[in-house]
Amino acid sequence: MPHVSRGFAGRAAPRSAHQLPPGQHDAGDYFPVLTAGGVPRLGTEGWDFTVQGQVDEVQRWTWEEFRELPRESITVDIHCVTSWSKFDTRWEGVSIDTLLDGVDTAAEYVVAFSDGGYTTNLPLEDLTDGRAWIVDTYNGEPLSPEHGGPARLLVPHLYFWKSAKWIRGLSLNLVDEPGFWENFGYHNYGDPWQQQRYAGD
Ligand SMILES: Nc1nc2c(c(=O)[nH]1)N[C@H]1C(S)=C(S)[C@@H](COP(=O)(O)O)O[C@H]1N2
Ligand SMILES: [Mo]
C-alpha cells in the first residue's frame, strides 16, 4: 500500500496501518457519543477519585491531587460494541498502575463506578501493566462532558463500554460482580478481537 501523507494528497492518509476487529467499521473523524441516561455536569469541584474494597487503606485523590500525579500521553484505537471503531485517538491521563502503586490487595476483580450510577466490571489484570488509564484530556483539550469529562476510564483493548465515563473510583473485589451493561446481557469480558459482544459470544 502506498503511503499518502496528509496535506499532499488533500485527504486523510489511508488507514492501511490499522486493523479493524471483526464486524467493526472505521468511524473516521466522527466521535459518536453513547450514554445511557443523562450527562452529569459536575465539574471538578468536589470531584475525587477513590480506590476502595479489598485494600489495606482506602486511597483518595482530590482533583488537584490527581492532576499532580505522573501523566502519560496515549494514542490508541477504540472499539464500540455498536460496531464503530476509531483509530489513533489521543488522550492524556494517569495510568492505573500509578494509582495502584503501593496498594496491597488480594482482589482479582474490579468494578469501576461513575457519577450517575454507571458501573462496569473488569479483571484487575486488565487494568494493570500499562493497559488502562484515567484520562482527562482528549486531543489536547479537557475531556468534554459528553465524552466523560472531567475524567473517564480508558481500557482500549476491550469494547468501549468498559471505559466508564465520569469515573469516580475503582472497587477492588474478591468476587466478580457484573456492571450496568453486563447485567443487561452484554459480554462479561468484551474482547473486540473475539467479538465478545453479548453473553455467550
Ligand atoms: N458513565 C458511563 N460511561 C459509559 C457509558 C455510559 O452510558 N455511562 N457508555 C459506555 C459506552 S456503551 C461506550 S461505547 C462509551 C462511549 O464513549 P463516548 O460517548 O465518549 O464515545 O462509553 C462507555 N462509558
Ligand atoms: Mo458502547
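The shown structure was predicted, so the numbers you read here are calculated from the model rather than taken from an experiment.

**Section: the pairing of strand S3 (residues 59-62)**
Right, so step 1: Looking at chain direction, strand S2 (residues 48-53) and S3 are connected through four bridges and run antiparallel. The partner of valine 51 across the bridge, within S3, is glutamine 59.
Right, so step 2: In this antiparallel pair of consecutive strands, S2 and S3, the connection spans five residues.

**Here's the deal with the UniProt feature "domain: Oxidoreductase molybdopterin-binding" (unreviewed entry) in the protein**
Right, so step 1: Per the UniProt record, "domain: Oxidoreductase molybdopterin-binding" (unreviewed entry) is annotated on residues 37-181.
Right, so step 2: Strand forms 41% of residues 37-181 and helix 8%; the C-alpha atoms that close the span are 13 Å apart.

**Things to note about the nonpolar core**
Soluble, globular proteins show a tendency: their nonpolar side chains are buried together.
Right, so step 1: Grouped together as the largest cluster of nonpolar side chains are 34 residues, with contacts concentrated most on Phe49, Ile96, Leu127, Ile134, Leu153, Leu170 and Leu172.
Right, so step 2: Where this core is concerned, the elements lending two or more residues are S2, helix H1 (63-68), helix H2 (96-99), strand S6 (109-114) and strand S11 (167-173).
Right, so step 3: With three residues, S11 is the largest single contributor of residues to this core.
Right, so step 4: Ignoring anything within four residues of it in the chain, the contact list for leucine 172 reads Val51, Gln52, Gly53, Gln54, Val55, Leu100, Val103, Thr105, Ala107, Tyr109 and Val110.
Right, so step 5: Core analysis: the next-biggest nonpolar cluster, separate from the first, contains 14 residues, Phe31, Ile74, Ile78 and Cys80 among them.

**Topic: the packing of aromatic side chains**
Right, so step 1: Using the criterion set out here, one finds 18 aromatic pairs in the structure.
Right, so step 2: Summarising the aromatic geometry, the rings of phenylalanine 49 and tryptophan 61 are spaced 6.4 Å apart at their centres and angled 45° between planes, so their arrangement reads as tilted. Note that phenylalanine 49 is positioned in strand S2 and tryptophan 61 in strand S3, a separation of 12 residues in sequence. Residues phenylalanine 49 and tryptophan 61 agree in their burial class; the two are buried.
Right, so step 3: Members of the aromatic cluster, each reached through a chain of ring pairs, are Tyr118, Tyr159, Trp161, Phe180, Trp181, Phe184, Tyr186 and Tyr198.

**Things to note about the site of ligand 1**
Right, so step 1: Near ligand 1 lie 19 residues; those nearest to it are Pro32, Ala36, His147, Arg152 and Lys165.
Right, so step 2: Take alanine 36: an N or O atom from its main chain is 2.8 Å from an oxygen atom of ligand 1.
Right, so step 3: Arginine 152 places a polar side-chain atom, nitrogen or oxygen, 2.7 Å from an oxygen atom of ligand 1.
Right, so step 4: For ligand 1, whose free accessible area comes to 530 Å², the fraction covered by protein is 97%.
Right, so step 5: For the shell around ligand 1, the per-class residue count stands at 13 nonpolar, four polar and two charged.

Rules behind the numbers
Residues numbered from 1 in each chain as written. Chains lettered and ligands numbered in written order. Predicted model: local features only at pLDDT ≥ 70, side-chain atom pairs only at ≥ 80, totals over all residues. Heavy atoms only, no water. Pairing = 2+ DSSP bridges. Helix = DSSP H or I, 4+ residues; strand = E, 2+ residues; numbered from the N terminus. UniProt positions renumbered as here; feature names shortened; annotations may be inferred. Core = buried A, V, L, I, M, F, W, Y, C linked by side-chain atoms within 4.5 Å. Buried < 20%, exposed > 50% of the residue type's maximum accessible area, 1.4 Å probe, protein only. Contact = heavy atoms within 4.5 Å. Phe/Tyr/Trp six-rings, centres within 6.5 Å; stacked < 30°, edge-to-face > 60°. Near = heavy atom within 4 Å. Polar contact = N/O pair within 3.5 Å; in protein donor to acceptor, adjacent residues only side chain to side chain. Areas by Shrake-Rupley, 256 points an atom, 1.4 Å probe, with all protein chains shown as cover. Nonpolar A, V, L, I, M, F, W, Y, C, P; charged D, E, K, R; others polar.

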